[in-house]
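Secondary and tertiary structure notes
The residues making up each chain are set out below.
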Amino acid sequence: MASYLVTGAAGFIGRSIAAALLARGDSVRGIDNFSTGKRSNLAGLERMDFIVGDLADPVACERACSGVEIVFHEAALASVPRSVADPVATNVACVDATLNLLVAARAAGVRRVVYAGSSSAYGDAPALPKHEGMLPSPISPYAVAKLAGEHYMGAFSRVYGLETVVLRYFNVFGPFQDPMSHYSGVLAIFCRRMLAGEQPTIYGDGEQSRDFTYIENVVQGNLLAAAAPAAKVSGQTMNLATSSRITLNQTFALLAELTGYSGKPAYEPARSGDIRDSLADIRLAGELLGYSPQVDFREGLRRTVEWYRAGGGN
Ligand code: UD1
């Protein structure tokens, strides 16, 4: 039986991966510094060996990696506007931390690291869908930092023979995503506000589009990436998404139906560092992992609204 480490285990995606591993009986360690993760996200994960620690600290990385075979590296400061406000903090949490983790993983004899990459690597080039053969062109400090992490994965695979797999996520959403912060994902913020009868804000004209990906699909992709033969996936980078896109205005309309919100959104100027459109080509993950999304956007949104309606995220 493999032994897994999940970084960012008190965060939205990390806790979801840890829950899936525990549910199938695996042995899981988690680490989080609670910078954006929440203690309440650990409910139900009591069998996880949990460490409070910061990956910017090499000693914490060493402790976390000891005895581990496979790492899911989800810890990050996952926000474009946060990186615009404080690029150094984003660099420490996304780049320094990733390098420290890789060094510790190698020293501990970890076999594979699966990395949470970001579609922000593609930047704002108009060509859609985004495929992995396109040249990266990050436009925000956040995108640069996540891309640097990808390159470190590639280098550790080439130079040290560590198995690495990069999964480029596209706007992941679902239960356990924090709706409270100004830096939270848009769907979490909209669900909370609209269920509470509060007006949501759309930055820009609302015609920007995203390939919103329900969390269950991302968990599935990670489990497949951990299990796939090294010859097929090590050193590879692939998109993890649904390959369908929707504008924010359309999303608002859908959420109005699901939540019963009857007002209009407020419109404010577009945020700097924002990309306009995002849509993934997911054929590579299909070929290399056998990945295909199981939950579509509407069903995912319905489940997500129900989770917030039942008090999740408070
Ligand atoms: C998101 C993720 C990022 C990930 C990337 C690709 C978050 C917080 N960010 O970036 O980590 O790497 O997808 O997977 O999960 N918006 C509003 N109103 C709001 C909040 C946002 O109109 O209240 C707009 C934004 O300006 C943007 C869009 O919604 O145009 C999406 O924003 P956001 O949810 O922050 O995600 P991304 O920046 O796309």
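Here's what I pulled together on the structure shown here. (Residues numbered from 1 in each chain as written. Predicted model: local features only at pLDDT ≥ 70, side-chain atom pairs only at ≥ 80, totals over all residues. Heavy atoms only, no water.)

Next up on the list: the packing of helix α6 (residues 186-195) against helix α11 (residues 297-309). Between α6 and α11, the least distance of the axes is 10 Å, while the angle of their chain directions is 50°. Between α6 and α11, the angle falls in the class oblique. Pair α6 / α11 crosses with right-handed handedness. Facing α6, whose interface residues are Leu187, Ala188, Cys191 and Leu195, α11 presents Phe297, Leu301, Thr304, Val305, Tyr308 and Arg309. A breakdown of the residues in the contact of α6 with α11 according to their chemical character gives eight nonpolar, one polar and one charged. (Axes fitted to C-alpha atoms, helices over the stretch in contact; angles between N-to-C directions. Helix = DSSP H or I, 4+ residues; strand = E, 2+ residues; numbered from the N terminus. Parallel < 35°, antiparallel > 145°, perpendicular 65-115°, else oblique. Left-handed = near helix turned anticlockwise from the far one by under 90°. Contact = heavy atoms within 4.5 Å. Nonpolar A, V, L, I, M, F, W, Y, C, P; charged D, E, K, R; others polar.)

Residue placement: Glu46 occurs in the loop between β2 (27-32) and β3 (49-52). Along the backbone, Glu46 and Ala19 are 27 residues apart, and their C-alpha atoms lie at a distance of 9.9 Å. Here Gly44 takes part through its backbone nitrogen, which lies 3.0 Å from a polar atom of the side chain of Glu46. (Polar contact = N/O pair within 3.5 Å; in protein donor to acceptor, adjacent residues only side chain to side chain.)

Between its terminal C-alpha atoms helix α9 (residues 248-259) stretches 16 Å, which fits the 16 Å expected from twelve residues at 1.5 Å a residue. Every buried residue of α9 is listed here: Leu248, Asn249, Thr251, Phe252, Leu254, Leu255, Ala256 and Thr259. For α9, the secondary structure elements touched by its buried residues are α6, β8 (201-203), β12 (246-247), β13 (266-268) and α11. Trailing α9 by a residue or two, Gly260 shows a phi angle of about 80°, which is positive. (Expected span 1.5 Å × (residues − 1). Buried < 20%, exposed > 50% of the residue type's maximum accessible area, 1.4 Å probe, protein only.)

Time to look at the pairing of strand β5 (residues 112-118). β5 sits mainly inside the fold: seven of its seven residues count as buried. What you see with β5 is no split at all: Arg112, Val114, Ala116 and Ser118 on one side and Val113, Tyr115 and Gly117 on the other are buried throughout. Sheet topology places strand β4 (residues 70-73) next to β5; four bridges connect them, and they run parallel. Following the sheet pairing, Ile70 is matched in β5 by Arg112. Pairing of β5 with strand β6 (residues 163-169) involves seven bridges; the strand directions are parallel. Residue pairing for β6: Val113 is matched across the bridge by Thr164. Between β5 and its parallel partner β6, the chain crosses via helix α5 (residues 141-160), and the hand of that crossover is right-handed. (Pairing = 2+ DSSP bridges. Right-handed = clockwise from strand over helix to strand, strands pointing away.)

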